[in-house]
Amino acid sequence: MEYLLMFIAAVFVNNIVLAQFLGICPFLGVSKKISTALGMGMAVTFVMAIATIVTYLLQKFVLDAFNLGFMQTISFILVIAALVQMVEIILKKVSPSLYQALGVFLPLITTNCAILGVAILVINKEFNLLQSVVYAVSTALGFMLAMVLFAGIREQLALANVPKGMKGTPIALVVAGLLAMAFMGFSGIA
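Residues numbered from 1 in each chain as written. Predicted model: local features only at pLDDT ≥ 70, side-chain atom pairs only at ≥ 80, totals over all residues. Heavy atoms only, no water.

**Q** Explain the confidence of the model for the chain to me, please; I cannot follow it from the model alone.
**A** Low-pLDDT portions of the prediction should not be read for the details of their coordinates. The predicted model of the chain has a mean per-residue pLDDT of 91, with 97% of residues at 70 or higher. Mean pLDDT across the elements of the chain bottoms out in helix α6 (residues 105–108) (72) and peaks in helix α8 (residues 129–159) (96). (pLDDT = per-residue confidence, 0-100. Helix = DSSP H or I, 4+ residues; strand = E, 2+ residues; numbered from the N terminus.)

**Q** What exactly am I supposed to notice about the layout of surface pockets here?
**A** Estimates place the volume of the largest pocket at around 230 Å³. Going through the elements one at a time, α8 and α9 (169–184) are the ones with two or more residues in the lining of the largest pocket. Classifying every residue of the lining of the largest pocket by side-chain character gives six nonpolar, one polar and four charged. (1 Å grid on protein atoms, 1.4 Å probe; cavity = no way out; pocket = protein on both sides within 12 Å on 5 of 7 lines; lining within 4 Å. Points joined across faces, edges and corners; volume = space filled by probe spheres on them. Nonpolar A, V, L, I, M, F, W, Y, C, P; charged D, E, K, R; others polar.)

**Q** Please clarify how the side chain of T45 should be interpreted in this entry.
**A** Mapped onto the elements of the fold, T45 is located in helix α3 (residues 34–63). With relative accessibility at 15%, the residue T45 sits in the buried group. Filtering out sequence-adjacent residues up to four positions away, T45 remains in contact with A140, L141 and M144. (Buried < 20%, exposed > 50% of the residue type's maximum accessible area, 1.4 Å probe, protein only. Contact = heavy atoms within 4.5 Å.)

**Q** Looking at this model, I keep getting lost on the state of the cysteines. Mind explaining?
**A** Where two cysteines share a covalent bond between their sulfur atoms, that bond is called a disulfide. Evaluation of the coordinates by the stated rule reveals zero disulfides. C113 supplies the cysteine sulfur nearest to C25, a cysteine that is in no disulfide, at a spacing of 8.6 Å. (Disulfide = S-S within 2.5 Å.)

**Q** In this structure, what is going on with the packing of aromatic side chains? I would like to understand it.
**A** Aromatic rings considered in pairs are described by the distance between their centres and by the relative angle of their planes. With the rule as written, the count across this model stands at five aromatic pairs. Pairing F183 with F186 gives two aromatic rings, centres 5.6 Å apart and planes at 70 degrees, and the pair type is edge-to-face. By way of ring pairs, the aromatic residues F12, F183 and F186 are connected into one cluster. (Phe/Tyr/Trp six-rings, centres within 6.5 Å; stacked < 30°, edge-to-face > 60°.)

**Q** Is there a simple way to explain the packing of α3 against α8 in this structure?
**A** A pair of packed helices can be characterised by two numbers: the angle between their axes and the separation between those axes. Direction vectors running N to C along α3 and α8 enclose 165 degrees, while the axes themselves pass 8 Å from each other. Overall, the two elements α3 and α8 adopt an arrangement that is roughly antiparallel. Remark: the crossing between α3 and α8 carries right-handed chirality. When the residues that make up the contact of α3 with α8 are grouped by side-chain class, the tally is 22 nonpolar, six polar and one charged. (Axes fitted to C-alpha atoms, helices over the stretch in contact; angles between N-to-C directions. Parallel < 35°, antiparallel > 145°, perpendicular 65-115°, else oblique. Left-handed = near helix turned anticlockwise from the far one by under 90°.)

**Q** Even after reading the chapter, I still don't get the environment of L129, so can you show me in this structure?
**A** Along the chain, the position of L129 falls in helix α8. Beyond its immediate stretch of four places on either side in the chain, L129 contacts I53, Y56 and L57.

**Q** Hey, could you run me through a nonpolar patch on the surface in this one?
**A** Taken together, the side chains of L57, F61, V62, F66 and L129 present a nonpolar region at the surface, about 470 Å² in accessible area. By residue number, the principal contributor to the nonpolar patch is α3, which donates three residues. Topologically, L57 is positioned in helix α3. (Patch = residues over 30% accessible without salt bridge, like charges linked within 9 Å, V, L, I, M, F, W, Y side chains within 5 Å. Areas by Shrake-Rupley, 256 points an atom, 1.4 Å probe, with all protein chains shown as cover. Salt bridge = Lys/Arg side-chain N within 4 Å of Asp/Glu carboxyl O.)

Structure (structure tokens):
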């Protein structure tokens with residue numbers, strides 16, 4: 001039951017993008033098409049899960065063991081950067097079309113504050129390894145849900161008659177705000 005509540009809270013109540021405002025750059029940048037948003041969401045899910053496992057083990061068995069807690073941020077960034085390079089190589093081989101569609105945004109996963117934020121949050125919340133993985137995957141799925149919903153709305157907005165001054169980024173920001181308010185409706189569930 002604890003893990004189910006953690007899942008619901010991470011996906012809906014404390015959505016990393018819409019409630020905690022982490023990962024806004026890829027949220028706004030890669031959300032023009034559902035297929036691209038879905039691909040980015042899957043890449044972020046994979047990187048976030050693996051990064052959380054690796055950074056958790058690094059924290060517990062290296063940084064804490066040798067009293068190097070001050071190296072947490074820089075070491076976590078290096079781990080995340082290495083994992084993103086690995087994902088980039090895999091995507092280039094497995095799905096060149098998705099690799100091309102993500103373009104410049106794939107390297108942005110390296111600096112996606114949502115991934116670093118989750119890695120640090122699981123340490124600060126003193127989760128065990130299983131809780132950390134459940135939290136990371138749930139958070140990543142919440143990120144993907146928000147991106148896909150936003151991309152679907154943006155695809156519909158491209159067909160709508162939007163006033164000239166609101167086209168593009170302004171209407172996207174208004175929609176993002178409305179989506180965040182909609183997700184506030186889930187507060188109190190978990």
